[in-house]
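Structural overview
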Amino acid sequence: MTIKAIVTDIEGTTGSISFVHETLFPYARTHLPDFIREHATQPAIAEQLDAVRQEIGQPDANTETVIEQLLNWIAEDKKITPLKALQGLVWENGYKTEAYKGHLYPDAFQKLSDWQQQGIRLFIYSSGSVYAQKLLFGYSDFGDLNHLFEGNFDTLIGGKKDVASYQAIAEQLDLPAQEILFLSDVIAELDAAQAAGLKTTHLIREPGMETGEHPQVSRFDQIDLTAF
Ligand SMILES: CSCCC(=O)C(=O)COP(=O)(O)O
Ligand SMILES: [Mg+2]
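Source: prediction; values computed, not measured.

**Let's talk about the pairing of strand E2 (residues 121-125)**
Here strand E1 (residues 5-8) pairs with E2 via four bridges, running parallel. Bridging across to E2, Ile6 finds its partner in Leu122. Across three bridges, E2 lies against strand E3 (residues 151-153) in parallel orientation. Of the residues in E3, the one forming a bridge with Phe123 is Gly151.

Below, the structure is given as structure tokens:
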């Protein structure tokens, strides 16, 4: 079977977990409160704040209550759509002021570039918003890499542990599921993708990570597309 498209996770797969948890999340924790206070009445921000109120079942929650909720969700690494949308908007300033660059493993950069040259269709599926994904790859260690990807998916298509999300992605790619390879460091995500019929590969970037039943690699250059 020929792999025609690759859908890749970001955190723990194309880039390090520590970049997300030790750089991006702390930056959001520091800057999100004032960002929200300053922009709360802008329609795009107000829409996300209303989505938080709806999520917590408090339609009349004031701005400070919403901020406190968002900070709790950051601490708990919740993959809740309005949080991820707001984080992306806050991170923009960090990239633009060069507080950080989007972390990418060199082997991921090299292999994604090779696959694109070979005509493999490339997509990202991350819990980070599409906007946050485009920032991370737009301001990456290797420059602007958004040209490598044909498309991006986030939690608007569904959760990454839900089989239906991968069925919807296969439908949008207009490919049989078995011609799509999904890359991730999270077994529950790989299980969901496999249940939808996608091929899978488990990235184990750091020693001591849980192993499962999926084909395993520690670097992108160990992935052989002809093996599927
Ligand atoms: C794309 S921005 C940073 C990643 C992020 O916010 C996140 O929650 C990581 O999710 P992933 O699905 O890439 O593990
Ligand atoms: Mg991941």
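**Structural notes on the nonpolar core**
If you look at the biggest cluster of nonpolar residues, it comprises 50 residues, and the most contacted ones within it are Leu70, Tyr166, Phe182 and Leu198. Examining the composition of this core, we find that six residues originate from one element, helix H4 (residues 81-96), more than from any other. Residues from two domains meet in this core; each of domain 1 (5-16 + 103-227) and domain 2 (20-96) gives at least three. Once residues within four sequence positions are removed from consideration, Leu70 is found in contact with Leu32, Val52, Leu83 and Leu86.

**What about the pairing of strand E4 (residues 180-184)?**
Where burial is concerned, most of E4 is hidden: five out of the five residues are buried. For E1 and E4, the ladder comprises four bridges, and the chain directions are parallel. For Ile6, the partnering residue across the bridge sits in E4 and is Leu181. On the question of chirality, the crossover connecting E4 to the parallel strand E5 (residues 199-203) by way of helix H8 (residues 187-195) is right-handed.

**Regarding the sheet that holds E1**
Taking strand neighbours across the sheet as the criterion, the six strands line up as E3-E2-E1-E4-E5-E6 in an open arrangement whose pairing is parallel. Since the sheet does not close on itself, it has two edges, and those belong to E3 and strand E6 (216-217), each with one partner. As defined by bridge partners, E5 adjoins E6 across two bridges and the pair is classed as parallel. Residue Leu203 lies in a different strand from E6, and its bridge partner there is Val217. Most of the contacts of helix H7 (residues 163-173) go to E4, to which it runs at about 135°, and overall it touches E1, E2, E3 and E4.

**Description of the packing of H7 against H8**
Where H7 meets H8, the closest approach of the two axes is 8 Å, and the angle between their N-to-C directions is 55°. In terms of axis orientation, H7 runs oblique to H8. In this structure, H7 meets H8 at a crossing whose hand is right-handed. Facing Val163, Ser165 and Tyr166 of H7, the residues of H8 in contact are Ala192, Ala193 and Ala195. Split by residue class, the contact of H7 with H8 holds five nonpolar, one polar and no charged.

Conventions used here
- Residues numbered from 1 in each chain as written.
- Chains lettered and ligands numbered in written order.
- Predicted model: local features only at pLDDT ≥ 70, side-chain atom pairs only at ≥ 80, totals over all residues.
- Pairing = 2+ DSSP bridges.
- Helix = DSSP H or I, 4+ residues; strand = E, 2+ residues; numbered from the N terminus.
- Core = buried A, V, L, I, M, F, W, Y, C linked by C-beta atoms within 7 Å.
- Buried ≥ 20, exposed ≤ 12 C-beta atoms within 10 Å, placed from the backbone.
- Domains from an automatic or database assignment.
- Contact = placed C-beta atoms within 7 Å.
- Right-handed = clockwise from strand over helix to strand, strands pointing away.
- Axes fitted to C-alpha atoms, helices over the stretch in contact; angles between N-to-C directions.
- Parallel < 35°, antiparallel > 145°, perpendicular 65-115°, else oblique.
- Left-handed = near helix turned anticlockwise from the far one by under 90°.
- Nonpolar A, V, L, I, M, F, W, Y, C, P; charged D, E, K, R; others polar.

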